[in-house]
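# Structure at a glance
Residue strings, one per chain:
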Amino acid sequence: MIKIVGFQHKEGNFPDERTNRDIVYNNVVFYYVSDCVRNVVGCSTGEIKVPFDNCKAVTGYDYAELPELINKSVELSYIPVGKYQQLSSIRVLESTPDGKK
């Protein structure tokens, strides 16, 4: 189970220590709880960063609609990009009539 419990739009910049250039960021940060982490008894928490411009492509929701994800169980899908895995979608899992997933 991975459940979205909040989100925040974060944007700004910070200096790259190696090049002394500004790094600009514009992300939506999703906060979640999960019982999927090995060696953790109970739940753990985490965050997922999605570029603001890709938010609708990844979630299927416009930014104004993101509150609909709060307290919903989701599935995270990843695709390989080079030697890394990249988040490709956050999909809401449907509930059964008794409210169980």
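How each quantity is defined
Residues numbered from 1 in each chain as written. Predicted model: local features only at pLDDT ≥ 70, side-chain atom pairs only at ≥ 80, totals over all residues. Heavy atoms only, no water. Helix = DSSP H or I, 4+ residues; strand = E, 2+ residues; numbered from the N terminus. Buried < 20%, exposed > 50% of the residue type's maximum accessible area, 1.4 Å probe, protein only. Core = buried A, V, L, I, M, F, W, Y, C linked by side-chain atoms within 4.5 Å. Pairing = 2+ DSSP bridges. Axes fitted to C-alpha atoms, helices over the stretch in contact; angles between N-to-C directions. Phe/Tyr/Trp six-rings, centres within 6.5 Å; stacked < 30°, edge-to-face > 60°.

Relative to the helices and strands, E68 resides in the loop between helix 1 (55-59) and strand 4 (74-81). The class for E68 is partly exposed, based on a relative accessible area of 46%. Counting along the chain gives 24 residues from E68 to V92, while the straight-line C-alpha distance between them is 9.8 Å.

Here we come to the nonpolar core. F30, V50, L66, L69 and I90 are the most contacted members of the largest nonpolar core, which has 16 residues in total. For this core, the secondary-structure elements that each account for two or more residues are strand 1 (2-15), strand 2 (22-34), strand 3 (44-51), helix 1 and strand 5 (84-92).

What follows is about the sheet that holds strand 1. Spatial strand order, 1-2-3: three strands in an open sheet with antiparallel pairing. Each end of this open sheet is capped by a strand with a single partner; those strands are strand 1 and strand 3. This sheet shows a mean twist of 25 degrees between the axes of neighbouring strands, independent of strand direction. Inspection of the sheet shows strand 1 paired to strand 2 by 13 bridges, in the antiparallel sense.

Turning to the packing of aromatic side chains, a few remarks are in order. In total, this model carries four aromatic pairs according to the counting rule given. Aromatic pair F52 and Y63: ring centres 5.5 Å apart, planes at 50 degrees, arrangement tilted. Of the two residues, F52 sits in the loop between strand 3 and helix 1 while Y63 sits in the loop between helix 1 and strand 4, which places them eleven residues apart along the sequence. On the basis of relative accessibility, which here comes to 27%, the residue F52 falls in the partly exposed class. Cluster of aromatic residues (ring-pair linked, three or more members): F7, F30, F52 and Y63.

The next thing to look at is the pairing of strand 5. One face of the sheet, then the other: side chains in a regular strand alternate in exactly this way. Taken together, the eight bridges between strand 4 and strand 5 define a ladder with antiparallel strand orientation. Bridge pairing in strand 5 links Y78 to L87. Following strand 4, the chain reverses through two residues before pairing antiparallel with strand 5; G82 in that reversal takes a positive phi of roughly 65 degrees.

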